[in-house]
Amino acid sequence: KRFVWLHAESALRRSLSIDESSAMQRLLQLMCDINIELDCTLTFVGEDPRFTAFLTSRKNTKLQGVPMKQFLMDDEQPKFETHLLAPATDDNLRMGAFHTVLRDGWGNPIT
């Protein structure tokens, strides 16, 4: 009986987490022009065709699995990694804006 309860509780928590994530993604889509998701190695997860077109100007290009730092200027890469890979604390929840200069697929800065 205890195992069944723990399994049901785990399934419910997983379901709530997915629902919260979906709701957050929908809210971001309403508020932002482009939304990207990075994994723990700062590599693209999923696709946003608008962002892909903005960065690459090529059709049928996929960003999934590509490191985000590939599209940052060389001097911006360490700051980006430090900012996003820093451990979250109560004072630093990694929320807010990170201003940087992106570069396109040919290495040109996007200003």
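Preceding this paragraph is the structure being described.
Notes on the structure follow. (Residues numbered from 1 in each chain as written. Predicted model: local features only at pLDDT ≥ 70, side-chain atom pairs only at ≥ 80, totals over all residues. Heavy atoms only, no water.)

1. Quick word on the environment of Gln77
Point 1. Relative to the assigned elements, Gln77 resides in helix 3 (residues 77-85).
Point 2. In this structure, the C-alpha to C-alpha distance between Gln77 and Val101, residues 24 residues apart in sequence, is 9.9 Å.
Point 3. Non-local contacts of Gln77, meaning those with residues more than four positions away in its chain, are made with Lys69, Leu72 and Arg103.
Point 4. There is a polar contact of 3.4 Å between the side chain of Gln77 and the backbone oxygen of Leu72. (Helix = DSSP H or I, 4+ residues; strand = E, 2+ residues; numbered from the N terminus. Contact = heavy atoms within 4.5 Å. Polar contact = N/O pair within 3.5 Å; in protein donor to acceptor, adjacent residues only side chain to side chain.)

2. Brief notes about a nonpolar patch on the surface
Point 1. Residues Met24, Leu27, Leu28, Leu30 and Met31 make up a contiguous nonpolar surface patch of roughly 550 Å² in combined accessible area.
Point 2. By the element assignment, Leu30 lies in helix 1 (residues 2-31).
Point 3. For Leu30, a relative accessible area of 75% translates into the label exposed. (Patch = residues over 30% accessible without salt bridge, like charges linked within 9 Å, V, L, I, M, F, W, Y side chains within 5 Å. Areas by Shrake-Rupley, 256 points an atom, 1.4 Å probe, with all protein chains shown as cover. Salt bridge = Lys/Arg side-chain N within 4 Å of Asp/Glu carboxyl O. Buried < 20%, exposed > 50% of the residue type's maximum accessible area, 1.4 Å probe, protein only.)

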